[in-house]
Amino acid sequence: MTTQAPPPSADPASQKIFTIGTRKSKLALLQTDLVLAALKERFPDHTFKIHSRETAGDQNTTIALRDFTTKNLWTQELEDLLEAGHVDLIVHSLKDVPTLLPSSCKLGPMMKREDSRDVLVLKKGLPNMTLAEMPAGSVVGTSSIRRTAQLARKYPHLKVMDVRGNIGTRLSKLDAEDSPYTCLILAAAGLLRLELGDRIFQFLDSKNAGMLYAVGQGALGIEIRKDDNVMEDMLKTIGHKETTFACLAERSLLRTLEGGCSAPLGVETEWIDGTEGSSKLKMRSVVVSVDGSENSEVEIDGAVDSAQSAEEFGVTVAKALVAKGAGKILEEIQQNKQNPLKVPTSELT
């Protein structure tokens, strides 16, 4: 049962009590605590409260993520509270945030990113083995179309099976005695934040596994009202420019491709030294057909030193991908979605 949110403040400029909105999962609350602690350290004379509620994605854990027809599974209910003034900011896992936000909302500066890579988690009791070493027919648990496509491309000998639920639920499904799964692919950030790093057997990246991660993975998206300059200024004091600019570039790439959260798009960004001590952002990106047979892959670096240049860099990378066939792959994915599963609102609320 959701507790009633406090009424909005009448005078934001003199506001001393701030309410943070979040989902109810253990990981979401832990991530929210990270933001709360950082703000409390900077503003010890302010009071920060947490208001949690379930979202559509929390309430329906049986349907594969790729079969949902909406992209704001994890955000809409919280955004309604934000727009109404009942919460002052929302903490999301950034990779769950659609690239198009409500017109009255925006993302604030982001805190330093956790490890952004995917990882391999083996079923307890199995011998240690990488994806490449697994016997043919081994079952990998994931509901991500991005991971499914990249696995089909690099590891066609493996079988993919959907798995839904929070991290604890998915680990329990993996380790169950009658489990069909050999392993799961999860985001490193969630396991590390939950102090479950001991379950990680292999970090998956472009160098050791040929796998790229999701846009925004490992970062926290802090959503605020577009006209809330007070909250934006507060978030700037805990923000991390490199994380913010890299994630804005990644989100601009995804937005430009118009693939949304279900696109089989992988990215990998890193900061490198440019000329005269300047920093440049290197982005690797790949779009893969669901069966792994076609792909468009680029690696580009560019000068990124502002939100605007980050957005522009994302567009540049998107155009390079399209020039190598990404548009055709994404178009075929849309055309092949025969009889998409419509989820009745009553099942999601």
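Residues numbered from 1 in each chain as written. Predicted model: local features only at pLDDT ≥ 70, side-chain atom pairs only at ≥ 80, totals over all residues. Heavy atoms only, no water.

Named according to an unreviewed UniProt entry, the protein is Porphobilinogen deaminase originating from Aspergillus puulaauensis. Comment text from UniProt for the protein, heading Catalytic activity (unreviewed entry), reads "4 porphobilinogen + H2O = hydroxymethylbilane + 4 NH4(+)". (UniProt positions renumbered as here; feature names shortened; annotations may be inferred.)

Asks: What exactly am I supposed to notice about the pattern of salt bridges here?
Replies: Side-chain pairs of opposite charge can arise whenever the charged atoms involved come near each other. The tally for this structure, following the rule as stated, stands at 22 salt bridges. Here D228 makes a salt bridge to R225, at a shortest N to O gap of 3.8 Å. Of the two residues examined, D228 and R225, each falls in the buried class. Overlapping salt bridges, with partners in common, bring together E268, E270, K280, K282, R284, E299 and D301 in one network. (Salt bridge = Lys/Arg side-chain N within 4 Å of Asp/Glu carboxyl O. Buried < 20%, exposed > 50% of the residue type's maximum accessible area, 1.4 Å probe, protein only.)

Asks: It is not clear to me how the side chain of R146 should be interpreted in this structure. Could you clarify?
Replies: Looking at where R146 falls in the secondary structure, it is placed in helix α4 (residues 145-154). According to the relative accessible area criterion, R146 is buried, its value standing at 4%. Here the side chain of R146 touches L212 through a polar contact of 2.9 Å, landing on its backbone oxygen. The contact partners of R146, leaving out residues within four places of it in the chain, are D118, L212, Y213, A214, Q217, A263, P264, L265 and G266. (Helix = DSSP H or I, 4+ residues; strand = E, 2+ residues; numbered from the N terminus. Polar contact = N/O pair within 3.5 Å; in protein donor to acceptor, adjacent residues only side chain to side chain. Contact = heavy atoms within 4.5 Å.)

Asks: Would you take a moment to explain the sheet that holds strand β8 (residues 183-187) for this structure?
Replies: The strands making up a sheet are joined through hydrogen bonds of the backbone, oriented either antiparallel or parallel. Read across the sheet, five strands follow the order β7-β6-β8-β5-β9 without closing on themselves; strand pairing throughout is mixed. Unpaired on one side and paired on the other, β7 (159-161) and β9 (202-204) mark the two borders of the sheet. For this sheet the average axis-to-axis angle between neighbouring strands, irrespective of direction, equals 30 degrees. Relative to β8, strand β6 (residues 139-141) runs parallel, the two being bridged by two bridges. Counterpart to V140 in the pairing with β8 is C183. (Pairing = 2+ DSSP bridges. Axes fitted to C-alpha atoms, helices over the stretch in contact; angles between N-to-C directions.)

Asks: Sorry, what's going on with the side chain of S296 here?
Replies: Its location among the elements puts S296 in strand β13 (residues 295-303). One polar contact links the side chain of S296 to the main-chain carbonyl oxygen of L321, over a distance of 2.7 Å. Here S296 is in contact with S285, V286, V287, L321, K324, G325, A326 and I329, once residues within four sequence places are set aside.

Asks: Any chance you could explain the packing of aromatic side chains here in plain terms?
Replies: One pass over the structure, following the stated rule, counts one aromatic pair. Ring centres of F18 and F48 lie 5.7 Å apart, and the angle between their planes is 25 degrees; on these two criteria the pair is classed as stacked. Linking F18 in strand β1 (residues 17-22) with F48 in strand β2 (residues 47-52), this pair joins segments that are 30 residues apart in sequence. Accessibility classification places F18 together with F48 in one group, the buried group. (Phe/Tyr/Trp six-rings, centres within 6.5 Å; stacked < 30°, edge-to-face > 60°.)

Asks: Explain the sheet that holds strand β10 (residues 220-225) here, please?
Replies: With mixed pairing, five strands are arranged side by side in an open sheet as β2-β1-β3-β10-β4. The open sheet is flanked by β2 and β4 (105-107), the only strands paired with a single partner. Looking at each pair of strands side by side, their axes are set apart by 30 degrees on average, direction ignored. Relative to strand β3 (residues 89-93), β1 runs parallel, the two being bridged by two bridges. Paired with G21 across the bridge in β3 is I90. Sitting on the sheet, helix α1 (residues 26-42) touches β1, β2, β3 and β10, and the angle it makes with β2 is about 165 degrees. Sheet strands touched by helix α7 (residues 229-236): β1, β2, β3, β4 and β10. Its angle to β10, the strand with the most contacts, is close to 155 degrees.

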